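Report on the structure
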Amino acid sequence: PTRSSSNGSTEEEETLAMVKPDGVLGNYTERIKNAVVESGFSIIRETVIQLDEHRASTFYVEHSSKSFFSSLVKYMTSGPVLVMILKKENAVADWRAIIGPTDARKAKITHPHSIRAMCGLNAEKNCVHGSDSLESARREISFFFGEISTGEAVGVHDEL
Ligand code: IDP
């Protein structure tokens, strides 16, 4: 539900989106950014970075006991990633809906118009990330961008 603040404007939300290494290396970045903008998100900040093993492991620490963890870390460090803060009403849930289910093979069947159906390969190499809750979004935004996340600048570009 849309909440209204006292001045009558709708409250917007921020989420963390990432084009994973297979997405960047497969040249899907522009298509994904087009989908972002066409879906009504503002890109508040963006940066291209190369994750190292420690940083990738920390980002996915909740999966550290899973059998696929070492493979996941290897995948996430296999090339650069594009990290973006996306902003709009209901950003967290809407971005999750647009990227589709985790397993890109299933996405191709059940959500053929999703981003993971477009550029993902399987349950691991699924080309994009989206925060799964507002709490995760806050944690992930500060993980990549520090505490100063609520800027108004659009398209700030600080690629490494
Ligand atoms: P999500 O990215 O859709 O939120 P999570 O369950 O949080 O999915 O998993 C994080 C990431 O770990 C996935 O995006 C995918 O890259 C990888 N992953 C998840 N499940 C599997 C699996 O069963 N095998 C291999 N990799 C997986």
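Look up: the structure comes first, before these words.
To start, this report covers the structure provided alongside it.

Our next topic: the overall build of the protein. Each helix and strand counted, the protein has 8 helices and 5 strands in total. Secondary structure elements of the protein occur, N-terminal to C-terminal, as β-α-α-β-α-α-β-α-α-α-β-α-β. Expressed as a percentage of the 160 residues in the protein, the buried residues total 34%. Long-range pairs, those at least 24 residues apart, make up 69% of the contacts in the protein with a sequence separation of at least 6.

In this section: the environment of Ile 43. Its location among the elements puts Ile 43 in strand β2 (residues 42-49). A count of 18 C-beta atoms within 10 Å places Ile 43 in the partly exposed class. Taking the C-alpha atoms as reference, Ile 43 lies 9.6 Å from Glu 14; in sequence the two are 29 residues apart.

Turning our eyes to something else, we now look at the environment of Ser 64. Note on placement: Ser 64 falls in the loop between α3 (53-59) and α4 (69-76). A tally of 12 C-beta atoms within 10 Å means that Ser 64 is categorised as exposed. Not counting residues within four places of it along the chain, the set of residues in contact with Ser 64 comprises Ser 57 and Phe 69.

Let us now look at the pairing of strand β3 (residues 81-88). Buried residues dominate β3, accounting for 7 of its 8 residues. With 7 bridges joining them, strand β1 (residues 13-19) and β3 adopt antiparallel strand pairing. The residue of β3 that forms the bridge with Ala 17 is Met 84. Here 7 bridges tie β2 to β3, and the two strands are oriented antiparallel to one another. The residue of β3 that forms the bridge with Ile 43 is Leu 86.

Once that is clear, we can look at the site of the ligand. In the vicinity of the ligand, the residues found are His 63, Phe 68, Leu 72, Thr 102, Ala 123, Glu 124, Asn 126, His 129 and Asp 132. When its residues are assigned to classes, the shell around the ligand shows 3 nonpolar, 4 polar and 2 charged.

What counts and what doesn't
- Residues numbered from 1 in each chain as written.
- Predicted model: local features only at pLDDT ≥ 70, side-chain atom pairs only at ≥ 80, totals over all residues.
- Helix = DSSP H or I, 4+ residues; strand = E, 2+ residues; numbered from the N terminus.
- Buried ≥ 20, exposed ≤ 12 C-beta atoms within 10 Å, placed from the backbone.
- Contact = placed C-beta atoms within 7 Å.
- Pairing = 2+ DSSP bridges.
- Near = placed C-beta within 6 Å.
- Nonpolar A, V, L, I, M, F, W, Y, C, P; charged D, E, K, R; others polar.

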